[in-house]
Amino acid sequence: MIRFQLEKLLGERTLYWLSQETGVRWATLAAMANGKAQRLDLDALERICAALECQPGDLLIRVERKARKR
């Protein structure tokens, strides 16, 4: 599973600030931050990275999924 590390990179800034800087909807950023995003728009990713002065690899991490109980 791929997760966003928005809180880590935002520091003292807010999702509202990031939305204003990038033009990406706050709801989209909140979905990313909460692990609810289902797809990724590369243009939005580029704008987020530009605003946070980071690379995509700084923003995205891969985590193991928990095994499902049967």
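Above this text is the structure in question.
Quick caveat: nothing in here was measured; it's all calculated off a predicted structure.

Reading guide: rules and limits
Residues numbered from 1 in each chain as written. Predicted model: local features only at pLDDT ≥ 70, side-chain atom pairs only at ≥ 80, totals over all residues. Heavy atoms only, no water. Salt bridge = Lys/Arg side-chain N within 4 Å of Asp/Glu carboxyl O. Helix = DSSP H or I, 4+ residues; strand = E, 2+ residues; numbered from the N terminus. Buried < 20%, exposed > 50% of the residue type's maximum accessible area, 1.4 Å probe, protein only. Arc of directions from axis to C-beta. Contact = heavy atoms within 4.5 Å. Polar contact = N/O pair within 3.5 Å; in protein donor to acceptor, adjacent residues only side chain to side chain.

Observations concerning the pattern of salt bridges
Item 1. Taken as a whole, this structure holds 2 salt bridges when the rule is applied.
Item 2. Across the pair Asp43 and Arg47 runs a salt bridge, and its minimum N-O distance is 3.1 Å. Of the two residues, Asp43 and Arg47 are both situated in helix H4 (residues 42-52); the distance of 4 residues between them amounts to about one turn of the helix.
Item 3. Between Glu64 and Arg62 there is a salt bridge, and its shortest N-O distance comes to 3.1 Å.

Observations regarding the environment of Gln20
Item 1. Relative to the elements of secondary structure, Gln20 occurs in helix H2 (residues 15-22).
Item 2. Spatially, the C-alpha atom of Gln20 lies 10.0 Å from that of Ala51, the residues being 31 residues apart in sequence.

Let's talk about the environment of Lys69
Item 1. By secondary structure assignment, the location of Lys69 is in the segment after strand E2 (60-62).
Item 2. When the C-alpha atoms of Lys69 and Glu46 are compared, they prove to be 38 Å apart, with 23 residues separating the residues in sequence.

As for H4
Item 1. Within H4, the full set of buried residues consists of Ala44, Leu45, Ile48, Cys49, Ala51 and Leu52. Angularly, the buried residues of H4 cover 165° about the axis, an arc narrow enough to put them on a single face.
Item 2. Those residues of H4 that are buried are in contact with helix H1 (6-10), H2, helix H3 (26-33) and helix H5 (56-59).
Item 3. Capping of H4 at its N-terminal end is provided by Asp41; its side-chain oxygen lies 2.9 Å from the backbone amide nitrogen of Asp43.
Item 4. Two residues or fewer after H4 comes Glu53, characterised by a positive phi angle close to 50°.

Focus on the side chain of Thr22
Item 1. Turning to its location among the elements, Thr22 is positioned in helix H2.
Item 2. Within the structure, the side chain of Thr22 is placed 3.1 Å from the backbone nitrogen of Val24, a separation counted as a polar contact.
Item 3. When residues no more than four places from it in sequence are discounted, the contact partners of Thr22 are Arg47, Ile48 and Ala51.

Geometric values such as these leave the question of function open.
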